[in-house]
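One-letter residues, chain by chain:
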Amino acid sequence: MTSSHQNNASDRVNLALNYAYGVLEGECRAAINTVGLEPSVGFLHESSDYQTKQSLVYDLQEPFRWITDVAVIEAFESGLLDLPDFYFTGDDYRYRFETEAKRRFLDLLKERFNSEVGYSSGTLSSNRKHWNSAGS
């Protein structure tokens with residue numbers, strides 16, 4: 001991460017989105033390393049000055065971004081994250097998470113990434129190796 005591409009945010013929602021995208025990026029990096037793929041060979045994103053040279057990481061995030069977006073919406077609507085869970089830094093006036101709020105939010109992200117999603121006549125889960133249709 002270079003100084004020209006920081007995950008700072010001037011509001012709570014964008015801070016939570018940036019944090020969630022960072023978690024997703026880490027999970028994608030781990031998956032790429034686990035299976036031995038070359039992270040610099042992407043197919044959607046190009047390397048640029050502000051990104052690391054690992055475009056495959058960003059490519060593999062795209063199908064899962066919606067999960068992080070939904071988790072952020074849920075966190076604020078449910079009250080899991082609220083105004084006291086954030087503070088301003090004195091030096092750059094950016095929002096930051098309280099430590100306990102990060103833990104609660106990470107638990108929610110973990111739950112969302114590991115839950116089933118309904119689709120057409122079945123469900124799909126990242127914990128399963130196949131599609132489960134209704135009635136099977």
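All values derive from a computational prediction rather than experimental measurement.

Caption draft 1: Broad picture of the pattern of salt bridges. One pass over the full model with this rule turns up 6 salt bridges. Arg-104 is the salt-bridge partner of Asp-85, the closest N and O atoms lying 2.8 Å from each other. Here the residue Asp-85 occupies a position in the loop between helix H3 (65-78) and strand E1 (86-88), and Arg-104 occupies one in helix H4 (residues 99-113), the gap between them amounting to 19 residues. Assessed through its relative accessible area of 25%, Arg-104 is described here as partly exposed. As a salt-bridge pair, Glu-111 and Arg-112 come within 2.9 Å of each other at their nearest N and O atoms. For Glu-111, a relative accessible area of 45% puts it in the partly exposed group. Salt bridges linked by common partners bring Glu-74, Glu-111 and Arg-112 together as one network.

Caption draft 2: Region of interest: H4. Between its terminal C-alpha atoms H4 stretches 21 Å, which fits the 21 Å expected from 15 residues at 1.5 Å a residue. Every buried residue of H4 is listed here: Ala-101, Phe-105, Leu-108, Leu-109, Arg-112 and Phe-113. Buried residues of H4, viewed axially, fall in a sector of 130°; they line one side. Seen from the buried face of H4, the exposed residues on the opposite side, beyond 90 degrees, are Asp-107 and Lys-110. Considering only its buried residues, H4 is in contact with helix H1 (12-35), H3 and strand E2 (95-97).

Here is what the cut-offs are and how they apply
- Residues numbered from 1 in each chain as written.
- Predicted model: local features only at pLDDT ≥ 70, side-chain atom pairs only at ≥ 80, totals over all residues.
- Heavy atoms only, no water.
- Salt bridge = Lys/Arg side-chain N within 4 Å of Asp/Glu carboxyl O.
- Helix = DSSP H or I, 4+ residues; strand = E, 2+ residues; numbered from the N terminus.
- Buried < 20%, exposed > 50% of the residue type's maximum accessible area, 1.4 Å probe, protein only.
- Expected span 1.5 Å × (residues − 1).
- Arc of directions from axis to C-beta.
- Contact = heavy atoms within 4.5 Å.

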